[in-house]
2 protein chains.
Amino acid sequence: MAIIAVDAMGSDRAPKPEIEGAILAARQHHVHILLVGKEDLLQNELAHHPQAARLPIEVVHASEAITMEDKAAQALRAKRDSSMRVGLRLVHEGRAAGFVTAGNTGAAMATAKIILGTLPGVDRPALAAVFPTAAGTAAILVDVGANVDCKPYNLEQFAIMGEIYFRSIFGTRRPRVGLLSIGEEETKGNDLTRQAYQLLKQLPINFVGNVEGRDLYNGQVDVIVCDGFVGNVALKISEGVVELVREALKDSLRATITRQVGFLLSRKAFVEFKKRVDYTEYGGAPLLGVKGVCIVSHGSSNANAIKNAVRVASEFAEHKINATIEQELSRLPAEVTS
Amino acid sequence: MAIIAVDAMGSDRAPKPEIEGAILAARQHHVHILLVGKEDLLQNELAHHPQAARLPIEVVHASEAITMEDKAAQALRAKRDSSMRVGLRLVHEGRAAGFVTAGNTGAAMATAKIILGTLPGVDRPALAAVFPTAAGTAAILVDVGANVDCKPYNLEQFAIMGEIYFRSIFGTRRPRVGLLSIGEEETKGNDLTRQAYQLLKQLPINFVGNVEGRDLYNGQVDVIVCDGFVGNVALKISEGVVELVREALKDSLRATITRQVGFLLSRKAFVEFKKRVDYTEYGGAPLLGVKGVCIVSHGSSNANAIKNAVRVASEFAEHKINATIEQELSRLPAEVTS
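Everything quoted here is computed from the prediction, not taken from an experiment.

1. Structural notes on the relation of the copies chain A and chain B
If you rotate chain A by 180 degrees and push it 0.0 Å along the axis, it lands on chain B with an RMSD of 0.0 Å. Here the two chains are linked by the operation of a two-fold rotation axis. Taking C-alpha positions as the reference, the residue of chain A nearest the rotation axis is Gly262(A), at 1.9 Å.

So, in structure tokens, the structure goes:
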């Protein structure tokens, strides 16, 4: 049974979603949970869930918590006993197979890099966001914030790691890998993407060339590679658009009684729709390239999101994704990993 | 009465939307239209609209048309008598106050730069996209594709030009100008945005600092500055998300009879919603920094989009936006315009 450490102090409404998510995960998946955080707080909260006592859930004490406002570098220095650090140490020491946090993304990445270290051959770890497409499939965007100002070989490594991750988790034999750019031709894009294109087309992967922003969600590509600045902007713009559409529809649907009746009748469609574009189904973003398993979930995660992140962490460990990344990077010509 | 030249051969369904849009514009706004394109084709199409004969609409012949597939540089060299080139020459020669095209964006920008030239002090012209926000206001994103690989002073000029444009067209006294980045703090972002931040905060504009992707659509900022690569990705991702949401809702709403009834009852809401996020209401993207007025509309423009683009072109000319840009750039310290 995989042991997964869960940062119980991370999310906006911690520790509630974490504890409920841990209970769901322990019940539905074959996992043992280590809830990391302030022991008294967690035991108090667990007392509200008597069924937890019969499940493989343990509390591991950590006296501090990193907040969303903390700066990554400062948090690393100042909070030596944070739930994030303690949880990642459990992974590093082999006491847990993976770690899940819905806390401060910057701090999670920085702490993971320090505590776990990077895999041999990896220049920079990258965060991969998983999201739904119009085709009903999932796609991943890598990197979404770990690295701004990338070199072409960083994008090459993101492609390799992202491809392996997608293949392992979604079972696609030859995932289609695209480079996020502003035109399909090889010559389109900026200096970085034009150089990265030349590296990617030589890789033993199913490289489909440049893809544009609108291809992210159409299901024509599985793994989309970009630098962390562009990836983070892309992710947040998507959130903004969904918010805009939701608000605009809500306003319109409230305007008259007829429409309200209409809305009630079509309600189930909206619930389904929401589920379909619901990131919580995908369980968070894996940090690729660190020596260990670290899954970063959204700060607004609910119990379902945490449960799915735990499942993803356990699958990540089970599929030995890191061993594959190490192996495939070692096969590349030397300049790639320089 | 402002004379506006309209590329009649540009859009995906040219010349229909252009001709219908010209008729609407000539009727509703105080403008005289020069329809630029193949004379026989245009006269044939105009014959279907007898009312056009009583409106201030003329045809100006151009024997060639640039297609969406044409490469900008090649089109410039090979098609010396394209509707784009002829239309922009009308502006350059002072026979038209502005030019509107729904054709190949890259070719439009390249041709405008060659035929019109750039304003004194402008290093690189920039394309500004106008879009709706959740607050019911408009916002602009500049640059959305004219310039990849920018220098910090390019972003500074985009900010100045965008601010003047927004102020002039939307009548906002002190538009809020933000720098698109991945975190609010001054130190967040990549090398380019961090350096640009230092320039922008010294400008005599209402600079609100870094904004994130999700702020594009929330109405908290009016003018959002970024390089053309990021801007183009941002724009196309937004299109992709809207498409995803639309498809997902449509599928769900079709699934059962009850929902279909619900949908019919709430139909007006959807029509209203569509109008609210309808880019055609905003009439296209102005190319800022060229010596003349050039508005680039979406290839899928309908008559309404063309009509609004004509209105925007005429307002652009009327408000003497270029004179203001020239003036305000000349007031800046020398290194900005170097």
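2. Here's the deal with the sheet that holds strand 10 (residues 285–288) of chain A
All names here are of chain A. If you walk across this open sheet you meet the 11 strands as 3-2-1-4-11-10-5-6-9-7-8, and the pairing is mixed. Two strands in the sheet have a free side with no partner beyond their single neighbour: strand 3 (57–61) and strand 8 (206–211). In this sheet, neighbouring strand axes are inclined to one another by 25 degrees on average, regardless of whether the strands run parallel or antiparallel. Pairing of strand 6 (residues 138–142) with strand 9 (residues 223–225), which is carried by three bridges, proceeds in the parallel orientation.

3. Examining unusual backbone geometry
Residues and elements named next belong to chain A. The step from Ala14 to Pro15 runs through a cis peptide bond, and the omega angle for that step is 0 degrees. With respect to the element layout, Pro15 can be found in the loop between strand 1 (2–7) and helix 1 (16–28). Note the cis peptide between Val142 and Asp143, where omega equals 10 degrees. Here Asp143 lies in the loop between strand 6 and helix 6 (152–170).

4. Notes on the pairing of strand 3 of chain A
All names here are of chain A. By the bridge criterion, five bridges tie strand 2 (residues 31–37) to strand 3 in an arrangement that is parallel. Among the inter-strand pairings, Val36 is bridged to a residue of strand 3, identified as Val60. What joins strand 2 to strand 3 is helix 2 (residues 39–47), and the crossover it makes is right-handed.

5. As for the environment of Asn232(A)
Its location among the elements puts Asn232(A) in helix 8 (residues 228–254). In the structure, Asn232(A) is positioned 90 residues away from Val142(A) in sequence and 9.4 Å away in space, judged by C-alpha atoms. The residues contacting Asn232(A), other than those within four sequence positions of it, are Asp143(A), Val144(A), Gly145(A), Ile182(B) and Glu212(B).

6. Description of helix 2 (residues 39–47) of chain B
All names here are of chain B. Every buried residue of helix 2 is listed here: Leu42, Glu45 and Leu46. Down the axis of helix 2, the buried set is contained in an arc of 100 degrees. They therefore lie on one face. Exposed residues lying more than 90 degrees from the buried face of helix 2 are Asp40, Asn44 and Ala47. Looking at the buried positions of helix 2, the neighbouring elements they touch are helix 1 (16–28), strand 2 (31–37) and strand 3 (57–61).

7. Observations regarding the side chain of Asn232(B)
Looking at Asn232(B), the relative accessible area reads 12%, which means it is buried. Excluding its chain neighbours within four sequence positions, the residues that come into contact with Asn232(B) are Ile182(A), Glu212(A), Asp143(B), Val144(B) and Gly145(B).

8. Points about the sheet that holds strand 8 (residues 206–211) of chain B
Residues and elements named next belong to chain B. Here we have 11 strands laid out as an open sheet, ordered 3-2-1-4-11-10-5-6-9-7-8, and mixed in their pairing. Edge strands, defined here as strands with exactly one partner in the open sheet, are strand 3 and strand 8. In this sheet, adjacent strand axes meet at a mean angle of 25 degrees when their direction is disregarded. Pairing geometry for strand 7 (residues 176–180) and strand 8, over five bridges, is parallel. By the bridge assignment for strand 8, Gly178 is matched with Gly209. Contacting strand 4 (98–101), strand 5 (126–132), strand 10 (285–288) and strand 11 (294–296), helix 5 (residues 105–116) runs over the sheet at an angle of about 170 degrees to strand 11. Contacts from helix 11 (residues 303–318) reach strand 1 (2–7), strand 2, strand 4, strand 10 and strand 11 within the one sheet, and its direction differs from that of strand 1 by about 135 degrees.

9. Describing the confidence of the model for chain A
Residues with a pLDDT of 70 or more make up 93% of chain A, whose mean pLDDT is 90. Across the interface, the model reports ipTM at 0.84; the global pTM reads 0.87.

10. With respect to the interface of chain A and chain B
Residue-level contacts link 53 residues of chain A with 53 residues of chain B. Counting each side, the surface lost to burial between chain A and chain B is near 4,900 Å², with a carbon and sulfur contribution of 72%. At the junction of chain A and chain B, the tally comes to eight salt bridges. Ionic pairing is found between Lys71(B) and Glu185(A), a salt bridge with its closest N-O pair at 3.1 Å. Joining chain A to chain B, the criterion identifies 10 residue pairs in polar contact (both at pLDDT 80 or more). Elements supplying a minimum of two residues to the side of chain A that touches chain B: helix 7 (191–200), helix 8, helix 9 (257–265) and helix 10 (267–276) of chain A. With 19 residues, helix 8 of chain A is the single largest residue contributor to the side of chain A that touches chain B. Of the residues assigned to the side of chain A that touches chain B, the class counts are 26 nonpolar, 13 polar and 14 charged.

11. As for the packing of aromatic side chains
Inspection of every chain in the model, using the stated rule, returns eight aromatic pairs over all chains. Seen in terms of ring centroids, Phe131(A) and Tyr217(A) are 5.0 Å apart; in terms of plane orientation they differ by 50 degrees. Their pairing is tilted. Of this pair, Phe131(A) sits in strand 5 (residues 126–132) while Tyr217(A) sits in the loop between strand 8 and strand 9; the two residues are 86 residues apart in sequence, bridging distant segments of the chain. Both residues of the pair, Phe131(A) and Tyr217(A), belong to the buried class. When the ring of Phe166(B) is compared with that of Phe170(B), the centres are 4.6 Å apart and the planes differ by 35 degrees; the resulting orientation is tilted. Of the two residues, Phe166(B) and Phe170(B) are both situated in helix 6 (residues 152–170); the distance of four residues between them amounts to about one turn of the helix. Owing to a relative accessible area of 2%, Phe166(B) belongs among the buried residues under this scheme. Residue classification places Phe170(B) among the partly exposed residues on the basis of a relative accessible area of 33%.

Thresholds, definitions, all that
- Residues numbered from 1 in each chain as written.
- Chains lettered and ligands numbered in written order.
- Predicted model: local features only at pLDDT ≥ 70, side-chain atom pairs only at ≥ 80, totals over all residues.
- Heavy atoms only, no water.
- Least-squares fit on C-alpha atoms with pLDDT ≥ 70 in both.
- Pairing = 2+ DSSP bridges.
- Helix = DSSP H or I, 4+ residues; strand = E, 2+ residues; numbered from the N terminus.
- Axes fitted to C-alpha atoms, helices over the stretch in contact; angles between N-to-C directions.
- Right-handed = clockwise from strand over helix to strand, strands pointing away.
- Contact = heavy atoms within 4.5 Å.
- Buried < 20%, exposed > 50% of the residue type's maximum accessible area, 1.4 Å probe, protein only.
- Arc of directions from axis to C-beta.
- pLDDT = per-residue confidence, 0-100.
- Buried area = accessible area lost by both parts, 1.4 Å probe.
- Salt bridge = Lys/Arg side-chain N within 4 Å of Asp/Glu carboxyl O.
- Polar contact = N/O pair within 3.5 Å; in protein donor to acceptor, adjacent residues only side chain to side chain.
- Nonpolar A, V, L, I, M, F, W, Y, C, P; charged D, E, K, R; others polar.
- Phe/Tyr/Trp six-rings, centres within 6.5 Å; stacked < 30°, edge-to-face > 60°.

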